[in-house]
Amino acid sequence: MEGGGSGEAEALREALRLLRIEPAAAGPSAAGVGGAAPCSRNVLRKRRRWERVLAARRRRRRQERERSRARRDGGRGAARRHSKALAEQRLLEARASGPRLCVDLGMADRMTLKETSRLASQIRRLYGANRQAEKPFWLYLTEFVVGSLIYEECFRMNDGFSNYLMDTTQESYLDLFPLDAIVYLTPDSENVLEDIDPKKVYILGGLVDESIHKKLTLRRAQEQSLQTARLPIREYMVKAVNTKNYHSETLAINQDPKLARCLESWSFFWKRLRASRCREVTGDTSA
């Protein structure tokens, strides 16, 4: 019997050892869960106080982050509101004193649905680019007929279209402005537009024509006895080499004002360059 009891005790100790449990901790005298020594009330009190301190610190850090985020968002919001107010002020100044840019939608019935949708998208980009300009144009959409395909596409594709700061009318530009103030921009004109005259109204043909009918806008302007001009693409831009050997001077309507807005700096540069060349020829170095 003693041998059997000794063998069972040895087996139990071996099992406890494999389970990494000390034999003394497995007995009824083991104190606390998992063999941990019991904590005194003083230790428990200090632990709870420290946990409250840590929780308060975390709460203060979270509140500070929220306040910082609110300050940043408030600053951005104020900056956006200020920028929006400045853009609107510049547009209203252009409305009062020029320059003015008009998109002629009188040829919209020549376009397919796909081309009309592209034109509506270009009008959105035109408005956005013009709004961001330091010296914007005041925009007009003429012959913008209620219920027409271009009318429906503009409202369908452009969020907030009804709030755009520009004039839309079903009338023709011929009914709105004197003939001698109108300049029709067409890539086929012989006249190069070197300067922006705030007293003039510049007309863009609102036409996305994937087949590119030659001289369509030029003929339209000539039939209406209007002045014409083209942007100085040939004079200022270098043709990139391409395998198709195809170059077009016809721009999307949202590209025309971006290029036209550069005319002021271009004109100044070329005038200075021509003047310096004249001085070199004449030997005058006084300037």
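Whatever comes next refers back to the structure up there.
Summary of the structure given here. (Residues numbered from 1 in each chain as written. Predicted model: local features only at pLDDT ≥ 70, side-chain atom pairs only at ≥ 80, totals over all residues. Heavy atoms only, no water.)

## With respect to the overall build of the protein chain
Within the protein chain, the secondary structure is distributed over nine helices and six strands. Across the 287 residues of the protein chain, 33% fall into the buried class. Residue pairs in contact within the protein chain that sit at least 24 positions apart in sequence constitute 79% of those at least 6 positions apart. Carbon and sulfur atoms form 52% of the exposed surface of the protein chain, whose accessible area is close to 19300 Å². (Helix = DSSP H or I, 4+ residues; strand = E, 2+ residues; numbered from the N terminus. Buried < 20%, exposed > 50% of the residue type's maximum accessible area, 1.4 Å probe, protein only. Contact = heavy atoms within 4.5 Å. Areas by Shrake-Rupley, 256 points an atom, 1.4 Å probe, with all protein chains shown as cover.)

## With respect to the side chain of Ser 172
Considering the arrangement of structural elements, one finds Ser 172 in the loop between strand S3 (167-168) and helix H5 (173-176). Engagement of the side chain of Ser 172 in a polar contact is seen with the backbone nitrogen of Leu 174, the distance being 3.1 Å. Setting aside chain neighbours within four positions, we find Ser 172 in contact with Thr 142 and Glu 143. (Polar contact = N/O pair within 3.5 Å; in protein donor to acceptor, adjacent residues only side chain to side chain.)

## Quick notes on the pairing of strand S2 (residues 138-142)
Here S2 lies mainly inside the structure; five of its five residues are buried. On S2, burial covers both faces: Trp 138, Tyr 140 and Thr 142 on one face and Leu 139 and Leu 141 on the other are all buried. Summarising the sheet, S2 and S3 pair through two bridges and their orientation is parallel. Bridging across to S3, Tyr 140 finds its partner in Asp 167. (Pairing = 2+ DSSP bridges.)

## A short note on the pairing of strand S5 (residues 201-205)
Counting buried residues along S5, five of its five residues qualify, which places the element largely inside the surrounding structure. Alternating positions in S5 separate into two faces, Val 201, Ile 203 and Gly 205 on one and Tyr 202 and Leu 204 on the other, with burial throughout. The sheet contact formed by strand S4 (residues 182-185) and S5 spans four bridges and is parallel. Paired with Leu 185 across the bridge in S5 is Leu 204.

## Observations concerning the packing of helix H3 (residues 113-132) against helix H4 (residues 149-157)
Where H3 contacts H4, the two axes come as close as 9 Å, and the packing angle between them is 55 degrees. Here H3 is positioned oblique relative to H4, judged by the angle of their axes. Helix-helix and strand crossings are classified by hand; for H3 and H4 the assignment is right-handed. Across the interface between the two elements, Leu 113, Thr 116, Ser 117, Leu 119, Ala 120, Ser 121, Ile 123 and Arg 124 of H3 pack against Leu 149, Ile 150, Glu 153, Cys 154, Arg 156 and Met 157 of H4. Taken together, the residues of the contact of H3 with H4 break down into eight nonpolar, three polar and three charged. (Axes fitted to C-alpha atoms, helices over the stretch in contact; angles between N-to-C directions. Parallel < 35°, antiparallel > 145°, perpendicular 65-115°, else oblique. Left-handed = near helix turned anticlockwise from the far one by under 90°. Nonpolar A, V, L, I, M, F, W, Y, C, P; charged D, E, K, R; others polar.)

## Comments concerning the packing of aromatic side chains
As enumerated under the stated definition, the model contains eight aromatic pairs in all. Seen from their ring centres, Tyr 140 and Phe 177 are 5.1 Å apart, and the 85 degrees between their planes marks the pair as edge-to-face. Placement of the pair is Tyr 140 in strand S2 and Phe 177 in the loop between H5 and S4, with a sequence separation of 37 residues. Aromatic pair Tyr 173 and Tyr 184: ring centres 6.2 Å apart, planes at 70 degrees, arrangement edge-to-face. (Phe/Tyr/Trp six-rings, centres within 6.5 Å; stacked < 30°, edge-to-face > 60°.)

## What to know about the pattern of salt bridges
Oppositely charged side chains are able to pair whenever their charged atoms sit close together. For the coordinates displayed, the defined rule picks out six salt bridges. Ionic pairing is found between Asp 167 and Arg 95, a salt bridge with its closest N-O pair at 3.5 Å. Of this pair, Asp 167 sits in strand S3 while Arg 95 sits in helix H2 (residues 41-97), and the two are 72 residues apart along the sequence. Between Asp 104 and Arg 220 there is a salt bridge, with its nearest N and O atoms 2.7 Å apart. You can see Asp 104 sitting in strand S1 (residues 100-104) and its partner Arg 220 sitting in helix H6 (residues 216-223), a full 116 residues away along the chain. A relative accessible area of 17% means that Arg 220 is categorised as buried. Through salt bridges with shared partners, one network takes in Asp 104, Glu 143 and Arg 220. (Salt bridge = Lys/Arg side-chain N within 4 Å of Asp/Glu carboxyl O.)

## Quick look at the environment of Val 183
Within the secondary structure, Val 183 is located in strand S4. On the basis of relative accessible area, Val 183 is assigned to the buried category, the value being 7%. Sequence spacing of Val 183 and Thr 228 is 45 residues, and the spatial spacing of their C-alpha atoms is 5.2 Å.

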